[in-house]
Structure formats: C-alpha cells, structure tokens
Amino acid sequence: MSSTSSPQTDAVRADVWLWAARFFKTRSLAKQAIDGGKIDLNDGTCKPAKAVHVGDVLRIGRGEERLEVEVLALSEKRGPAPAAQALYRESEASVAAREAAKAQRKLVGAMAPPGRPDKQARRELRRLKDSM
C-alpha cells in the first residue's frame, strides 16, 4: 500500500488523515477533536469514519488556532513533516487570520504585568478589592 493517493485508495478516514497530516499527535486525539465538534468537512459536520477525498475542505480548531485547509493528497501512514505538509494547502484567509490572532496575542502579552506583585502591591490589591 503506498503512502500517497493511488487508484486503489480514493478516500481515507478523517481521523486517520488528520493524524497522517500531523494536525494531531495521535489518532485518538484526532477522533476526540472530531467528536468534540472541532472539525468541519466541506461546511458540514464530520465523524471519525467519514471519508476524506482530494479537494475536500477541512476547518480545524486546535485551541485558539483556526485552520482552513484543502486536501491535496491522501495518506494512511504518518510520515515525516515535509511529506505531511504536502498533503494539504492552507487557504490565504486562514493564514491571514492566524497571523492577526498571533499579533493580537502578542499585544495582550505586552500589556500584562511584568511579574508577580510584591508584598506592598498585594496589600494594595487587597484594599482595592475590599473597598468594592
């Protein structure tokens, strides 16, 4: 059995493809994400055993990341990262949205306090909370 699309395999299970494309570390995690509603296939719901074909569009949610990828090739085997990245193409809108979210998180992180409050700052915070 070859690792990429062949005349014999024109479809692969969704959980297997997500694992082979390295979106999830294990097939079990891919299945849990699908069952949890984090994966959409062609603007519809997805089940772990649903067949994925070349040309399908998957919307993947991992934590705060939202990806929209088009399936370019099929694989039932997990290979090296460069081979896995050849299985899909991320849409331009998805890349732009991820970069904007990354920049937003960076800004929020810059506004965070520099470290833990010292004794004086903790007392001040406690006084402020008690007065409310």
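Novice: Whenever I open this one, the pairing of strand β5 (residues 65–71) confuses me. Can you help?
Specialist: Moving residue by residue along a regular strand, the side chains alternate between the two faces of the sheet. Relative to β5, strand β4 (residues 57–62) is paired through six bridges, and the arrangement is antiparallel. Along β5, the bridge assignment pairs Ile60 with Leu67. Counting the residues that bridge the hairpin from β4 to β5 gives two residues, and of these Gly63 lies at a positive phi of roughly 65°. Pairing of β5 with strand β6 (residues 88–90), which is carried by three bridges, proceeds in the antiparallel orientation. Bridged to Val71 within β6 is Tyr88.

Novice: Explain the sheet that holds strand β2 (residues 39–41) here, please?
Specialist: Within a sheet, each strand pairs with its neighbour through backbone hydrogen bonds, oriented either parallel or antiparallel. Strand order in the open sheet formed by four strands is β2-β4-β5-β6, with antiparallel pairing between adjacent strands. Of all the strands in the sheet, the pair left with one neighbour each is β2 and β6. Each neighbouring strand pair of the sheet contributes to a mean axis angle of 25°, computed without reference to strand direction. Strand contacts of helix α4 (residues 92–110): β5 and β6, with the helix running at about 165° to β5, the strand carrying the most contacts.

Novice: Looking at this model, I keep getting lost on the nonpolar core. Mind explaining?
Specialist: Inside soluble globular proteins, nonpolar side chains tend to come together where they are buried. Trp17, Leu18, Phe23, Phe24, Ile39, Leu58 and Ile60 are the most contacted members of the largest nonpolar core, which has 24 residues in total. Looking at this core, the elements with two or more residues in it are α1 (14–20), α2 (27–35), β2, β4 and β5. Residue contributions to this core peak at four residues, all from α1. Discounting chain neighbours no more than four positions away, the residues touching Ile39 are Leu18, Phe24, Ala33, Ile34, Cys46, Leu58, Arg59 and Ile60.

What counts, and where the lines are drawn
- Residues numbered from 1 in each chain as written.
- Predicted model: local features only at pLDDT ≥ 70, side-chain atom pairs only at ≥ 80, totals over all residues.
- Heavy atoms only, no water.
- Pairing = 2+ DSSP bridges.
- Helix = DSSP H or I, 4+ residues; strand = E, 2+ residues; numbered from the N terminus.
- Axes fitted to C-alpha atoms, helices over the stretch in contact; angles between N-to-C directions.
- Contact = heavy atoms within 4.5 Å.
- Core = buried A, V, L, I, M, F, W, Y, C linked by side-chain atoms within 4.5 Å.
- Buried < 20%, exposed > 50% of the residue type's maximum accessible area, 1.4 Å probe, protein only.

What is shown is where atoms sit, not what they do.
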